[in-house]
Each structure stands twice: as C-alpha cells, then as structure tokens.
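Fold and contact review
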Amino acid sequence: MNNIVAIVGRPNVGKSTLFNRLIQRREAIVDSVSGVTRDRNYGKSEWNGKEFSVIDTGGYVRGSDDVFEGEIRKQVELAIDEADVIIFVVDVEEGITPMDDAVAKLLRKVTKPVLLAVNKVDNAMREKDAVEFYNLGLGEYYTFASISGSGTGDLLDALIDAFPVKPEPTQEEIELPRFAVVGRPNAGKSSFINALIGKDRYIVTDIAGTTRDAIDTKFDRFGFEFNLVDTAGIRRKAKVKEDLEFYSVMRSVRAIEHADVCILIIDATRGFEGQDQSIFWLAEKNRKGVVILVNKWDLVEKDTMSTRDYEAKIREELMPFTDVPILFVSALTKQRLLKALEATVQVFESRKQRIPTSKFNDYMLKVIEGYPPPALKGKYVKIKYCMQLPTLTPQFVFFANLPQYVKEPYKRFLENKIRENWDFSGVPIDIYIREK
C-alpha cells in the first residue's frame, strides 16, 4: 500500500497548485476564485524513488454562507483520517488568520505527522515574515512557492522522512479497468458512486455542478475490482459561461477518453435529452463501452408499459447503435445498483473479447453467401476471408475483390450479424473492407 498525503488548509492558499506540482499534471482545477476544490481529489506522486498518493482537499471553512461549507469540512476531516502524513498549507502574504488557527486546532489533536508548509515565499523578506507561523504551535515549518516550485524539494525530503515504515508489496500493482460515470449536471452521478461504495466519498447537493473535477475511486466489493471515475456534469458549450466550468467539462471529456467503459447516468424525471445524446455519441466516437442507467426511477409515476416505452424511446434516439444495456435504477433507494455493476463489467469483458479467425470465418462466410453484397454497375463483390484485428477495441476486416463497392448499409448488416452471434452489447464495432 502506498503512503497517503493529505493537503489541507483554508481556501485559496495554493493547495491545488501544490497538488498539481506533486503529481506533475494539471489534474486539480486552479482558479483565483476561492472554494474551487470541493471534493477530495486523488493523485500519485514520487520523490527519491518513493511513491505516494496525494489527496487535495477543499478549503477548510467555518461560518461562511456557502452551501458547501459543511460538506467541505467533512471531506477535509475524512482526508485527515485517511492520510499517513498531513501537509498544512498557509499563505505568507496574509499571515495567520482565524481560519488558520481553526485548522491548526484541529491538527494539534491528530497523532499523525503534520508538516506546516508556508506558501508564496519567493524572496528573503517573505522568508523573515514566515517566522510568525511558529505561533500556530505545530513546530518547524517549510517555506516554498507552489507556482515556481522553489522550496518544494526540502518539503518533499521532510515528507519522505515522515512516512511510517511499511512492508514492501509482494507483487506489482495490476492496472485496473476504468469506468467513467458521465452525464448531465445533477443527474445523480456522485450519489450513484456514494451508494455503491457505501461512503460519502463525494459531495452531493441539489445544486447542479457540485462536482468540478474528475475523481478516481478504487472499487473492491461484491467480487468486482476497478476504478470508478466521477466526472463533472457535461453541459452544452453555449451554457459554459465561467472558465471554471469550461475546465470541468474538459476534465469530463478527458475522463471519457481515458476510460474503458462509460456509465451514462440519465435523470428519469427529465428524459433522454439532446445533451445526453451528445455525451453518448462522444463516448461512442472514442470507441468506449457504454451502459445507460436511468436514475431517479423511484420518482417517476409508472404503469405496466412505462419501462418498455421509456427504453424504446431511448433506443430510437440512439439509432443505429441500439445494442446498449439500459437499466432503470435509483441511487437513493439503491435499486438495481448491483445489476448495473454486473452490466458494466460484462460490457468491459465483451469489449476485450477475441474471436478465433477460423470460427469467425465459418460463421460470417455462410452469412455472406446467403446475402452477398449487392452488385454495382454489373460487377459482383466477392468476400472470401475475414478476421478480427488485434486492436484494443473490436475491429473486423473483410477482404473483397472490389472493396470500394461495399457501402455503409452492407457494413451495418455485417455488424448486426456479428452482434447476433457474439455478445458485443454496449461496445462500438468497426468494420473495414480491404482488397484481398
């Protein structure tokens, strides 16, 4: 197990900038607006050959009118519980504030190592100003500037020394499947993950756009093991007004690109709207597996036809890619969540399945013989051989004498026949016609 480091402090002292520097990626959103980070954000870092995990937390607040204040405070306390070492970031420009005192009071009760890190110290004058932080009663402090990186080496040396001694892992870490939970703002993505893992890992409020970063959580329950990625809700470009939201959307798009399967959460009370379609086609365009979960199904008034009609309507919107698992769930009542997991794992397995060439030819050549490609300009297309390509996503090639005469409708026919015989539900398929 890696050591875990939690970065804590009041809002806008540079925690996320330090986090990004440690993991060497622009993973956490950084903005001059305070309170940007709301959930715990996880990343990996390495220093002097030692790997460790880093948690970026929301700013610790008391007495503000922010609806997220209580939740952020709870998240900070959870991060402190999870961590082996805590980095408490303060700002030399503003000196000790009542909020810093409140955080220091909380940390003085903690038995784990706490490193007091004084940010924005980039000249000799500020080095002298940092002396006042001894008054926090946390002992030695470390000065650094998170934007330029000066002083971070000394801080990291001290961090490595503070780690408790742990037994070396006996086997290498296995790369786990990545499932990205995507959808419009306020569709219930964070509630879905919280219900699955049985913890309040993400902040959940009625306000759309609470989650702003794409955040990984390792899931290891009910015999399943994978990484779940909660993403910020994706809005249409016309509705992305502030820079912050633009970054959130970009992070969600990147999460889709790096995922194996996308779990698209739809709000049952709003239906399958244009924005849901856009997210679906974004996942399909990136050749990702897709599972559609209609959330908040407990809030919909139903009759005997409701589920069937609702599903038929969604499939109509998804034409021609209709072979997608659609499940009706409720994150609140935990209705059918395990089935949703099973469907997602099945899509992941289907996406990486390989069909032996001999078996594929035996089946597909009979299908082609019974329904050959239509003749064009008096010329007949003959397909004599086909195979699955050794690619990450399912791709099939058919060798023909006149590949230019095989049009899209026939390619769709071939795809449908493949889907009839092998389970590729929720998985986009590519068909290529090449000259033999």
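The rules behind the values
Residues numbered from 1 in each chain as written. Predicted model: local features only at pLDDT ≥ 70, side-chain atom pairs only at ≥ 80, totals over all residues. Heavy atoms only, no water. UniProt positions renumbered as here; feature names shortened; annotations may be inferred. Buried < 20%, exposed > 50% of the residue type's maximum accessible area, 1.4 Å probe, protein only. Helix = DSSP H or I, 4+ residues; strand = E, 2+ residues; numbered from the N terminus. Pairing = 2+ DSSP bridges. Salt bridge = Lys/Arg side-chain N within 4 Å of Asp/Glu carboxyl O. Contact = heavy atoms within 4.5 Å. Axes fitted to C-alpha atoms, helices over the stretch in contact; angles between N-to-C directions. Parallel < 35°, antiparallel > 145°, perpendicular 65-115°, else oblique. Left-handed = near helix turned anticlockwise from the far one by under 90°. Nonpolar A, V, L, I, M, F, W, Y, C, P; charged D, E, K, R; others polar. Right-handed = clockwise from strand over helix to strand, strands pointing away. Phe/Tyr/Trp six-rings, centres within 6.5 Å; stacked < 30°, edge-to-face > 60°.

You'll find the protein chain entered in an unreviewed UniProt entry as GTPase Der, with Flavobacterium noncentrifugens given as the organism. Listed in UniProt under the heading Sequence similarities (unreviewed entry), the comment for the protein chain reads: "Belongs to the TRAFAC class TrmE-Era-EngA-EngB-Septin-like GTPase superfamily. EngA (Der) GTPase family."

The next point concerns the pairing of strand β9 (residues 224–230). Most of β9 sits inside the fold, with six of its seven residues counted as buried. Note: strand β7 (residues 178–183) against β9, four bridges, orientation parallel. Opposite V181, over in β9, you have D230 as the bridge partner.

One pass over the full model with this rule turns up 15 salt bridges. Residues joined in a network through salt bridges with shared partners are R10, E94 and D100.

Now for the side chain of N295. With respect to the helices and strands, the residue N295 is situated in strand β11 (residues 289–295). Judged by relative accessible area, which is 4%, N295 ranks as buried. Setting aside chain neighbours within four positions, we find N295 in contact with A187, G188, I265, I266, D267, A268, V329, S330 and A331.

Let's shift gears to the packing of helix α11 (residues 357–370) against helix α12 (residues 408–421). One way to put it is that α11 packs onto α12 with a least axis distance of 11 Å and a crossing angle of 135°. For the element pair α11 / α12, the angle class is oblique. When the axes of α11 and α12 are compared, the crossing they make is right-handed. Contact residues: α11 offers F360, Y363, M364, V367 and I368, while α12 offers Y410, F413, L414, K417, I418, E420 and N421. Each residue belonging to the contact of α11 with α12 can be placed in one class, and the counts come to nine nonpolar, one polar and two charged.

What follows is about the pairing of strand β15 (residues 430–435). Here six bridges tie strand β14 (residues 395–400) to β15, and the two strands are oriented parallel to one another. Along β15, the bridge assignment pairs A400 with E435. What joins β14 to β15 is α12, and the crossover it makes is right-handed.

Here the structure, examined in full by the defined rule, presents 17 aromatic pairs. Taking 4.9 Å as the distance between ring centres and 85° as the angle between the ring planes, the aromatic pair formed by F280 and W281 counts as edge-to-face. Residue classification places W281 among the partly exposed positions, given a relative accessible area of 27%. Here the aromatic rings of F360 and W422 are separated by 5.6 Å at their centres, their planes lie at 45°, and the arrangement is tilted. Of this pair, F360 sits in helix α11 while W422 sits in the loop between α12 and β15, and the two are 62 residues apart along the sequence. The two residues F360 and W422 agree in class, both being buried. An aromatic cluster is built from F360, Y363, F396, F398, W422 and F424, whose rings are joined through pairwise contacts.

Of note, the amide linkage connecting M319 to P320 takes the cis form, showing an omega dihedral of 0°. Relative to the helices and strands, P320 is located in the loop between α9 (306–317) and β12 (326–328). The backbone of N12 shows a phi angle near 65°, a positive value even though the residue is not glycine. In this fold, N12 is placed in the loop between β1 (3–8) and α1 (15–23). Given a relative accessible area of 37%, N12 falls into the partly exposed group. For N48, which is not glycine, the phi torsion reads 50° and is therefore positive.

Glancing now at the sheet that holds β14. Across a sheet, paired strands are connected by hydrogen bonds in the backbone, their directions being either parallel or antiparallel. Strand order in this open sheet of three strands is β13-β14-β15, and the pairing throughout is mixed. This sheet does not close on itself; its edge strands, each paired only once, are β13 (383–388) and β15. Taken pair by pair, the neighbouring strands of this sheet meet at an average axis angle of 20°, ignoring direction. The pairing of β13 with β14 spans five bridges and is antiparallel. Counted as the bridge partner of C386 is F398 from β14.

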